[in-house]
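Coordinate analysis (summary)
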Amino acid sequence: MRKPKVVPRNNKQYDHLVSEYIIQDKSGNLDRLSHLTNNVYNMALYLLRQQLIKHHKWRDYTWLNKQFKLKYDNRENMLYSQFPYRQSIQQTLREVEAVWYAWVKAVKAYHENPANFTGRPRMPGYLKKGSRHVSYVTSQNAKVKDGYLIIQPRNGLLNIKIKLIDGIRKVSRVVFQPLSHQRFKVIVQYPITNTINYKPDNGRYMGIDPGLDNAFTCVINDNTIQPLIINGRGIKSVNQYYNKVLARLSSKHAEYKQCCVERNAKNGLQPIYYYSYHQQLITEWRNKKIRSFCHQASRRIINYALNNNVNTIVIGKNKGQKRSINMGKKNNQNFVGLPHAKMINMIKYKANLLGITVITTNESYTSQTSFLDNEKPCKQNGNYHRKLKHLMPIRRRIKRGLFRSNQGILINADVNGAFQIIRKVFPNVSFADGIAGAVLRPFKWSPTF
């Protein structure tokens, strides 16, 4: 007799969390620091590339740090002395090392099995000359005093004082990410010591089906609980407006030859366009809206799980689904713009902090099979095999948002898919008392913008 499938419970522990703040750089010190970091990044990458091309050797952070110190001692390059703290430049060198060795690892994996890649991984490229890059300050130079993050100025750079959220007593690292209009996002990484006690499997599961107009459809295997739908029309509208404005600005740049540099190519000089100031503004506006949507929606989903005593969440996620999607020109643009991966990551870490296990699974055939008829979401029950078996109707999803079971019961198509996602991981899940009317009438919730 075949043993039942055992789903492993989560045991991930978090040792660090982050808090984000937006500040105005009126003095221009952070702007200057970000330009210096950009130069250090490009120089470090140049040294690694030259070592590989000329000497066929792999170098690491230790070698890079030694080279920068040597160039400073020989007065060949003064970047090492222009940073406010030595630890800041060392963090950038570690970032370059991480990017470089990620590429090395990807190349090795490509040679072992090229079928897992769409092409050979490219060598890391240089940052745009004169642009800005994220800069770092470590815990050796960033202190917390009376609820404020304090970074003392040095070399004429950095003089930061930020009011932190309650609970932060010590920081591990501070990241300064440049935005437009002299603004910077300050990402404060701080340690936590709480041990997460994950809840046991209590037989109550939540299934989440990602979608388009219904961004996330949540169901629970309880016939008295009304399904929850996260309305995705708001963020869809934001993406449509963003794409419209971005296309108009790009068209103007191409018409008047603005915001571009010409590079030699096989066909002669070819223009390469970069983001203008207005494109950066609209992109930041769109990213802010998406982040707000993700935080509100993920918190609503976690509260939905807590209120209904759910200890396990199953989310449908297909690998590379947005790369090979074929839903039509308009639907492709709308679906790709929705932040499903970011939302899933937020749901994961927020649920894990509360001891709830999150499982991601392939969602193939969940929309073609019927939960109400106890069908397994597999190829043998899909539309193609129904056609071979002469079962009518072949497609039971009669409309975009409506599914009809074999008994003629109408159910929201995304609700049916979410239930089948649960069945993907827990095949024996069912309703002990049958299907109640609450399951057939989902509740739609819309985040505010």
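Here we take up the sheet that holds strand β2 (residues 135-138). Across the sheet, which stays open at both edges, the four strands sit in the order β1-β7-β6-β2 with antiparallel pairing between neighbours. The sheet terminates laterally at β1 (16-24) and β2, the two strands that pair on one side only. For this sheet, the mean inter-axis angle between neighbouring strands, taken without regard to orientation, is 20°. Judged from the nine bridges that link them, β1 and strand β7 (residues 183-191) form a sheet pairing that is antiparallel. In the sheet register, L17 faces β7, and the bridge partner there is Y190. Along the sheet, helix α1 (residues 29-55) contacts β1, β2, β6 (173-178) and β7; its crossing angle with β7, the most-contacted strand, is approximately 75°.

All right, on to the packing of aromatic side chains then. To describe a pair of aromatic rings, you give the distance between the ring centres and the angle between the ring planes. Taken as a whole and judged by the stated rule, the model has seven aromatic pairs. Between the aromatic rings of Y205 and F426, the centroid separation amounts to 3.9 Å while the plane-to-plane angle is 10°, which identifies the pairing as stacked. Here Y205 is found in strand β8 (residues 205-210), whereas its partner F426 is found in the loop between α10 (413-425) and α11 (437-440), with 221 residues between them in sequence. Judged on exposure class, the residue Y205 and its partner F426 are both buried. Aromatic rings pair up to connect W58, W100 and W103 into one cluster. The ring of Y72 has R75 lying over it, and the distance from NZ or CZ to the ring centre is 5.1 Å. Across the ring face of Y61, the terminal group of R94 is positioned such that the distance to the ring centre comes to 3.9 Å.

Within the largest apolar cluster, 47 residues are counted, with the highest numbers of intra-cluster contacts made by F68, L149, I151, L158, I160, F176 and V186. If you tally residues by element for this core, the top one is α1, at 11 residues. Once residues within four sequence positions are removed from consideration, I160 is found in contact with I23, L30, L149, I150, I151 and F176. Counting 32 residues, the second largest nonpolar core, distinct from the first, contains M206, I230, V310 and I315.

Turning to unusual backbone geometry, a few remarks are in order. Looking along the chain, the bond that leaves M392 and enters P393 is cis, with omega of -5°. Of note, the phi angle at L158 is positive, near 65°, even though the residue is not glycine. What makes L158 buried here is its relative accessible area of 2%. Here Q182, not a glycine, exhibits a phi torsion of approximately 60°, which is positive. By the secondary structure assignment, Q182 is in the loop between β6 and β7. On the accessibility criterion, Q182 (47% relative accessible area) is partly exposed.

The subject of this paragraph is a nonpolar patch on the surface. On the surface, V261, I272 and Y274 cluster together into a nonpolar patch covering about 230 Å² of accessible area. With respect to the helices, strands and loops of the structure, I272 is situated in strand β12 (residues 268-273). Look at I272 and you get partly exposed, because its relative accessible area is 41%.

We now examine helix α8 (residues 340-353). For α8, built from 14 residues, the straight-helix expectation of 20 Å at 1.5 Å per residue is met to within 8% by its first-to-last C-alpha distance of 20 Å. Along α8, the residues classified as buried are H340, M343, I344, M346, I347, K350, A351 and N352. Where α8 terminates, the next one or two residues include G355, which has phi positive at roughly 85°.

With that settled, the discussion passes to the pattern of salt bridges. Following the criterion strictly, the structure yields 10 salt bridges and no others. The closest approach of N and O atoms between E20 and K185, which form a salt bridge, is 3.9 Å. Taken as a pair, E20 in strand β1 and K185 in strand β7 lie far apart in primary sequence, 165 residues in all. For E20, a relative accessible area of 32% gives the class partly exposed. Taking the relative accessible area as the measure of exposure, K185 reaches 18% and is therefore buried. Between D213 and R233 there is a salt bridge, with the nearest N and O atoms lying 3.4 Å from each other. A residue pair is termed long-range when its members are at least 10 positions apart, and D213 in the loop between β8 and β9 (214-220) and R233 in helix α5 (residues 233-256) qualify at 20 residues. In this structure R233 comes out as partly exposed when scored by relative accessible area, which is 47%. Because the salt bridges share partners, they merge into one network encompassing E20, K185 and R291.

What follows deals with the environment of T118. Along the polypeptide, T118 turns up in the loop between α4 (86-112) and β2. Separated by 185 residues in sequence, T118 and N303 place their C-alpha atoms 39 Å apart.

Before going further, it helps to examine the packing of α1 against α4. Interaxial distance between α1 and α4 falls to 9 Å at its minimum, and their mutual angle equals 45°. The pairing of α1 with α4 is recorded here as oblique in orientation. The way α1 lies across α4 gives a crossing that is right-handed. For the pair formed by α1 and α4, the contact residues are T37, V40, Y41, A44, L45, L48, R49 and L52 on the first element and I89, T92, L93, E95, V96, V99, W100 and W103 on the second. A class-by-class count of the residues in the contact of α1 with α4 yields 12 nonpolar, two polar and two charged.

Criteria and thresholds
Residues numbered from 1 in each chain as written. Predicted model: local features only at pLDDT ≥ 70, side-chain atom pairs only at ≥ 80, totals over all residues. Heavy atoms only, no water. Pairing = 2+ DSSP bridges. Helix = DSSP H or I, 4+ residues; strand = E, 2+ residues; numbered from the N terminus. Axes fitted to C-alpha atoms, helices over the stretch in contact; angles between N-to-C directions. Contact = heavy atoms within 4.5 Å. Phe/Tyr/Trp six-rings, centres within 6.5 Å; stacked < 30°, edge-to-face > 60°. Buried < 20%, exposed > 50% of the residue type's maximum accessible area, 1.4 Å probe, protein only. Lys NZ or Arg CZ within 6 Å of the ring centre and 35° of its normal. Core = buried A, V, L, I, M, F, W, Y, C linked by side-chain atoms within 4.5 Å. Patch = residues over 30% accessible without salt bridge, like charges linked within 9 Å, V, L, I, M, F, W, Y side chains within 5 Å. Areas by Shrake-Rupley, 256 points an atom, 1.4 Å probe, with all protein chains shown as cover. Salt bridge = Lys/Arg side-chain N within 4 Å of Asp/Glu carboxyl O. Expected span 1.5 Å × (residues − 1). Parallel < 35°, antiparallel > 145°, perpendicular 65-115°, else oblique. Left-handed = near helix turned anticlockwise from the far one by under 90°. Nonpolar A, V, L, I, M, F, W, Y, C, P; charged D, E, K, R; others polar.

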